[in-house]
Amino acid sequence: MEKSAAEKSLILIHYSEIGLKKGNRGYFEKKLASNIKKALKDVEIGELKRDYGRFLLYLNQDSPVELIVDRLKKVMGIAHFSLAYPGSANIDELKEQIFERIKTQDFSTFCVRTRRSDKQFPMTSPEINRIVGTRIHEELHKPVDLKNAELTCHIEIYNKQLFFYFDRQPGKRGLPVGASGRVVSLLSAGIDSPVSSYLIMKRGARVIFVHFHSFPMTNKASYHNAIKLAENLTQYQYQTLVYLMPLIPIQEKIILNAPMKLRLILYRRMMLRLAQMVARKERAGALVTGESLGQVASQTLENIVATSESVSMPIFRPLIGMDKEEIIELARKIDTFDVSTEPFDDCCSYMVPENPETKAKLREVRHAEEQLGGWKQILDEIFQQAEVVYLQFP
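Attention here is on the structure that accompanies the text. (Residues numbered from 1 in each chain as written. Predicted model: local features only at pLDDT ≥ 70, side-chain atom pairs only at ≥ 80, totals over all residues. Heavy atoms only, no water.)

A few words on the overall build of the protein. Tallying secondary structure elements over the protein gives 13 helices and 14 strands in all. If one aligns the C-alpha atoms of the protein with their principal axes, the spans along those axes are about 85 × 40 × 35 Å. A buried classification covers 54% of the 394 residues belonging to the protein. In the protein, the share of contacts with a sequence separation of at least 24, taken over all contacts with a separation of at least 6, comes to 81%. About 18,100 Å² of surface is accessible on the protein, with carbon and sulfur atoms providing 49% of the total. When the 55 positive and 48 negative side-chain charges of the protein are each reduced to one mean point, those points stand 6 Å apart. (Helix = DSSP H or I, 4+ residues; strand = E, 2+ residues; numbered from the N terminus. Buried < 20%, exposed > 50% of the residue type's maximum accessible area, 1.4 Å probe, protein only. Contact = heavy atoms within 4.5 Å. Areas by Shrake-Rupley, 256 points an atom, 1.4 Å probe, with all protein chains shown as cover. Lys, Arg positive; Asp, Glu negative; His and termini not counted. Charge placed at Lys NZ, Arg CZ, Asp CG, Glu CD.)

Written out as structure tokens, the structure reads:
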């Protein structure tokens, strides 16, 4: 994308599946417009205008194009966007406008692609492509390549307006954050849960995080790493709440009173209950975990059933069918991998047996939980002790 402030005009933004929403498309468009403004609230820009299935973001003389591009790439719901220029409806003027912009660019092959939804325009798309392409070819002696062109000149004609652009930047696609309600994600300091949180954001949900730690029985590295991960993910939803909860009180109760092989399952059941308490307080409709079927001992089908039974809310598992390499690849793409691989002691690793139960029987788990006694009061105390951190971007 061009960087010169003097040449800026506007950014033409195309959204993704919002266009399929029919009757309630306006709701999603408003959410997307609000998120674009939030992403750029500290940046010098002009008007943001909704315009026939697109957004026009007008730029000022001092608008920092590179920063705007970086921010828009992370706005959920955008399919692609481009630095664009208004063009003349007069074809002779238009081909000269395009030629003036294209002649200084470095490319070996090119093509012209016109999208003409305004059928009142007097020329067809192939005719426009031919006239503009001929002007470029004859003057610059560059060959046309319709399949693998190094540079593509896009022309859009709609509602008696015409814009042209050369560089198309990819967006995140999906739905705008906030359009699909709120969820509570159990955020560890590992690789999986940040990725699952990112994927649920991409479906339009606003994510509230809960992180459990076993400090002072373990070090506080997971606490700090979880904050770093939440900060990273906040750039996709702009405001974030993080609940930080000490799990030690209930872990000690389980260690003293429950069978060793069931400790991990009981830890997980208590964590889900605490997350559900947060969800009810924050008016969230579901929980989110980073579980992938069969990946570790706690994620066998039997154990997932045994832990899920502890809460009444739906539990979303965006990673359930992904393998570890797929998850790692996505973690690298969203820049959470490096933080997730920093050393830390996970709360679930505290006093866990070498051979935990992998095929839990729900009857045995319920019986072990009944033998704990007083665990509900402990959960209430943990919930009251939670530290709440508010994060904001930018």
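One finds Ile11, Ile13, Ile36, Leu57, Leu72, Ile98 and Ile155 to be the most contacted residues of the largest nonpolar core, which totals 48 residues. Apart from the residues within four sequence positions on either side, Ile36 is in contact with Ile13, Leu48, Leu72, Val75 and Ile78. One finds Val210, Ile250, Tyr267 and Ala284 within the second-largest nonpolar core, a separate group that totals 39 residues. (Core = buried A, V, L, I, M, F, W, Y, C linked by side-chain atoms within 4.5 Å.)

Let us look at the environment of Tyr390. Structurally, the position occupied by Tyr390 is in strand S14 (residues 387-392). Distance from Tyr390 to Phe166, taken between C-alpha atoms, is 40 Å for residues 224 residues apart in sequence. Among all residues touching Tyr390, those that are not within four sequence positions of it are Gln239, Thr240 and Leu241. Side chain to side chain, Tyr390 and Gln392 meet in a polar contact 3.1 Å long. (Polar contact = N/O pair within 3.5 Å; in protein donor to acceptor, adjacent residues only side chain to side chain.)

It is the contact of helix H7 (residues 248-257) with helix H13 (residues 375-385), at a shortest axis distance of 9 Å, that shows an interaxial angle of 160 degrees. On the basis of their axis angle, the class for H7 and H13 is roughly antiparallel. Here Pro249, Ile250 and Lys253 of H7 come into contact with H13, specifically with Trp375, Ile378, Leu379 and Ile382. Across the contact of H7 with H13, the residue classes break down as 6 nonpolar, no polar and 1 charged. (Axes fitted to C-alpha atoms, helices over the stretch in contact; angles between N-to-C directions. Parallel < 35°, antiparallel > 145°, perpendicular 65-115°, else oblique. Nonpolar A, V, L, I, M, F, W, Y, C, P; charged D, E, K, R; others polar.)

To continue, consider the state of the cysteines. What the rule picks out here adds up to 0 disulfides. Summary of cysteine pairing: Cys111 is not part of a disulfide, and the nearest cysteine sulfur, belonging to Cys153, is at 8.7 Å. Take Cys111: its relative accessible area is 2%, and that puts it in the buried class. (Disulfide = S-S within 2.5 Å.)

Together, Leu293, Leu301, Val305 and Ile320 give the surface a local cluster of nonpolar side chains, amounting to about 350 Å² of exposed area. Position of Ile320 among the secondary structure elements: in the loop between strand S13 (315-316) and helix H10 (324-333). A relative accessible area of 35% means that Ile320 is categorised as partly exposed. (Patch = residues over 30% accessible without salt bridge, like charges linked within 9 Å, V, L, I, M, F, W, Y side chains within 5 Å. Salt bridge = Lys/Arg side-chain N within 4 Å of Asp/Glu carboxyl O.)

An order of S13-S12-S9-S10-S11-S14 is seen for the 6 strands of this open sheet, with the pairing classed as mixed. Taken across any chain shown, the strands that pair with only one partner, and hence form the sheet edges, are S13 and S14. Inspection of the sheet shows strand S10 (residues 206-213) paired to strand S11 (residues 239-246) by 5 bridges, in the parallel sense. Opposite His211, over in S11, you have Leu244 as the bridge partner. Contacting strand S9 (182-186), S10, strand S12 (286-288) and S13, helix H5 (residues 192-202) crosses the sheet at an angle of about 165 degrees to S10. (Pairing = 2+ DSSP bridges.)

Cis geometry is adopted by the peptide bond preceding Pro394, which originates at Phe393 and carries an omega value of -5 degrees. Here Pro394 is to be found in the segment after S14. The backbone of Arg173 sits at a positive phi, close to 65 degrees, despite the residue not being glycine. Examined against the element boundaries, Arg173 turns out to sit in the loop between strand S8 (169-170) and S9. With a phi close to 60 degrees, Arg283 is a non-glycine residue in the positive phi region. Inspection of the secondary structure puts Arg283 in the loop between helix H8 (263-281) and S12.

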